[in-house]
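# Per-entry structural report
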Amino acid sequence: MRFNKHAWLPAALPGLLTGIAAGPASAADMNVKVEIPRLNVAEYHRPYVAIWVERPDQSVAANLAVWYDTKLKDNEGTKWLKDMRQWWRKSGREQQMPLDGVSGATRPVGEHSLSFSDGKAPLGKLPAGKYQLVVEAAREVGGRELVKVPFEWPPKSAQNQKVKGEHELGTITLDLKP
């Protein structure tokens, strides 16, 4: 008797095709919008802004963005990062700037969008649980502000949350998609 090594194929084919049609499980997405408001002040400077994900114990789970003056000679802009006090104490002082894929130049007045995917830098692979999106801004000859938006990861359904800052930050929007 001759053995047919492909005899199992007709019986297994429906299951294989179902697996292919279903495709890989998609990763969750996090979309963040940060509004930098127009301020009516005599001397305006763009704010330094740090955006990160914080665990319930307030430790940093992921640095998502750090906007600072990258054009000053001799990397002088890093000198003022410590003015974002919460971020600096929790994570900033341990970082070597610039952070690849995280740091960049300050942003002008307006709304700025950022997108992150589960499993990809800088968000990485967050374990399931409760977190806070934290946005901190500090401005030369200006003030400081910290805004927190609580969320659960991974999201079970699409979510949209908005929190309004009072002076240095406008509306912070967090959109989560499973």
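Residues numbered from 1 in each chain as written. Predicted model: local features only at pLDDT ≥ 70, side-chain atom pairs only at ≥ 80, totals over all residues. Heavy atoms only, no water.

Taken as a whole, this structure holds four aromatic pairs when the rule is applied. Between Tyr-131 and Phe-151 the ring centres are 5.9 Å apart and the planes differ by 25°, which places this aromatic pair in the stacked class. Taken together, the residues Tyr-131 in strand S6 (residues 129-138) and Phe-151 in strand S7 (residues 144-153) connect sequence positions 20 residues apart. With relative accessibility at 8%, the residue Tyr-131 sits in the buried group. We classify Phe-151 as buried; its relative accessible area is 4%. Counting every residue linked through ring pairs, the aromatic cluster contains Tyr-131, Phe-151 and Trp-153. (Phe/Tyr/Trp six-rings, centres within 6.5 Å; stacked < 30°, edge-to-face > 60°. Helix = DSSP H or I, 4+ residues; strand = E, 2+ residues; numbered from the N terminus. Buried < 20%, exposed > 50% of the residue type's maximum accessible area, 1.4 Å probe, protein only.)

On to the nonpolar core, then. With 28 residues, the main nonpolar core has Met-30, Ile-51, Val-53, Leu-64, Leu-133, Phe-151 and Trp-153 as its most contacted residues. Looking at this core, the elements with two or more residues in it are strand S1 (29-36), strand S2 (48-54), strand S3 (60-68), strand S5 (110-117), S6, S7 and strand S9 (171-177). For Phe-151, the residues in contact, after removing those within four places along its chain, are Met-30, Val-53, Gly-129, Lys-130, Tyr-131, Gln-132, Leu-133, Gln-161, Leu-174 and Leu-176. By size, the runner-up hydrophobic cluster in this structure holds 14 residues, among which are Trp-52, Val-60, Met-84 and Ala-138. (Core = buried A, V, L, I, M, F, W, Y, C linked by side-chain atoms within 4.5 Å. Contact = heavy atoms within 4.5 Å.)

Moving on: the layout of surface pockets. Reported here for the largest pocket is a volume of approximately 300 Å³. Surrounding the largest pocket, 14 residues form its lining, Arg-46, Tyr-48, Trp-80, Arg-139 and Glu-140 being those nearest its centre. Classifying every residue of the lining of the largest pocket by side-chain character gives four nonpolar, four polar and six charged. (1 Å grid on protein atoms, 1.4 Å probe; cavity = no way out; pocket = protein on both sides within 12 Å on 5 of 7 lines; lining within 4 Å. Points joined across faces, edges and corners; volume = space filled by probe spheres on them. Nonpolar A, V, L, I, M, F, W, Y, C, P; charged D, E, K, R; others polar.)

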